[in-house]
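Residue strings, one per chain:
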Amino acid sequence: MASSSSTIVSLLFLFSLVASVSLVVSAAAGNFYQDFDITWGDGRGKILNNGQLLTLSLDKASGSGFQSKNEYLFGKIDMQLKLVPGNSAGTVTAYYLSSQGPTHDEIDFEFLGNLSGDPYILHTNVFSQGKGNREQQFYLWFDPTADFHTYSILWNPQRIIFSVDGTPIREFKNSESIGVPYPKNQPMRIYSSLWNADDWATRGGLVKTDWSHAPFTASYRNFKADACVRSSSGASSCSSQSTSSNNAWLNQELDSTNQERMKWVQKNYMIYNYCADTKHFPQGVPPECATTNLS
């Protein structure tokens, strides 16, 4: 088993290298000045290197955050992140898609910091019509603070796929046919923030933020969006070209190889799955849990 596991980890590493190289090539023209606004933090968010790098910082006074200039209704979103190194306990780096209002939709990556030497927790969730409670949590198979890694959201009318360095870790399928709401009507912006959540983020709030290590900094580069941009008039950039090969992601699904890769990640690195949490759902887990929607 050990040799088999090490072989798969090696394969994942190779896949991540390929994904990283292809991303750098395809997203070289991406510019944070053009694509994003820093929205809070009083100077703690910075765009550097002629728009090629963005950093968010957190100190005891405040965190920081940014949002996309565009709204999207379906797309494949890639971003490379390098997370807060060292003792990051109590900090949360959030990177997500969201609409606004009490019945908002949202697709979440959240990175929960930890003590030096302990692993980050990657927290994922999907909200539709204001309701979430669909968390899955993972450890990662690498140190996310040592270098940049690619975190991707594929969102089309049939499914949402969360991927890390090109490896799928979670799929949330459209299960409207059995009464499960699915985000498909509300355009969403991309948001990211770095903030203090030491009341809950690390070991349920038992481990507090050590401000002697501040400022804490997370870094972003190589943003890429193959997506349907919603204009201020409500028109979609995809409406006239939805069958184009450029929008193959609109009908993309996991092939058998990627299904196996996702199952391996879930078997070895998933640490929480809402579909197994009968204490949280005493009346029964959500209906999609009874299907092949989740491993």
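The structure we're discussing is the one just above.
These remarks concern the structure in this document. (Residues numbered from 1 in each chain as written. Predicted model: local features only at pLDDT ≥ 70, side-chain atom pairs only at ≥ 80, totals over all residues. Heavy atoms only, no water.)

### With respect to the overall build of the protein chain
- Tallying secondary structure elements over the protein chain gives three helices and 15 strands in all.
- Per-residue burial for the protein chain yields a buried fraction of 52% across its 295 residues.
- Residue pairs at least 24 apart in sequence account for 67% of intrachain contacts in the protein chain once pairs closer than 6 positions are excluded. (Helix = DSSP H or I, 4+ residues; strand = E, 2+ residues; numbered from the N terminus. Buried < 20%, exposed > 50% of the residue type's maximum accessible area, 1.4 Å probe, protein only. Contact = heavy atoms within 4.5 Å.)

### Some words on the state of the cysteines
- Inspection of the entire model under this criterion finds two disulfides.
- Each sulfur of the disulfide joining C228 and C238 lies 2.0 Å from the other. Residues C228 and C238 are joined by a disulfide whose S-S torsion is about -100°; by sign, that bridge is left-handed. In this pair, C228 is assigned in strand β14 (residues 216-230) and C238 in the loop between β14 and α3 (256-269), connecting sequence segments 10 residues apart. Both residues of the pair, C228 and C238, count as buried.
- With a sulfur-sulfur separation of 1.9 Å, C275 is cross-linked through a disulfide to C289. Given an S-S torsion of about -75°, the disulfide between C275 and C289 has left-handed geometry. Highlighted residues: C275 in the segment after β15 (270-273) and C289 in the segment after β15, separated in sequence by 14 residues. (Disulfide = S-S within 2.5 Å.)

### Some words on the sheet that holds strand β4 (residues 64-68)
- Read from one edge to the other, the open sheet built from eight strands follows the order β1-β4-β13-β6-β7-β8-β9-β15, with strand pairing classed as antiparallel. Each of the sheet's edge strands pairs with one partner strand only, and the pair in question is β1 (36-40) and β15. Adjacent strand axes in the sheet meet at a mean angle of 15°, parallel and antiparallel pairs treated alike.
- Here four bridges tie β1 to β4, and the two strands are oriented antiparallel to one another. Residue F36 lies in a different strand from β4, and its bridge partner there is S68. (Pairing = 2+ DSSP bridges. Axes fitted to C-alpha atoms, helices over the stretch in contact; angles between N-to-C directions.)

### As for the side chain of N114
- Its place among the elements puts N114 in the loop between β7 (106-112) and β8 (121-127).
- Among the residues examined, N114 registers a relative accessible area of 13% and is labelled buried.
- If we ignore the near neighbours within four places in the chain, the residues touching N114 are G86, N87, S88, A89, P119 and T202.

### With respect to the pattern of salt bridges
- Taken as a whole and assessed by the stated rule, the structure comprises eight salt bridges.
- D59 is paired through a salt bridge with R44; the nearest N and O atoms lie 2.9 Å apart. Highlighted residues: D59 in the loop between β3 (53-58) and β4 and R44 in the loop between β1 and β2 (45-48), separated in sequence by 15 residues.
- Residue classification places D59 among the partly exposed positions, given a relative accessible area of 22%.
- We note a salt bridge from D226 to K224, for which the minimum N-O separation is 3.4 Å.
- Its relative accessible area of 27% is what places D226 among the partly exposed residues. (Salt bridge = Lys/Arg side-chain N within 4 Å of Asp/Glu carboxyl O.)

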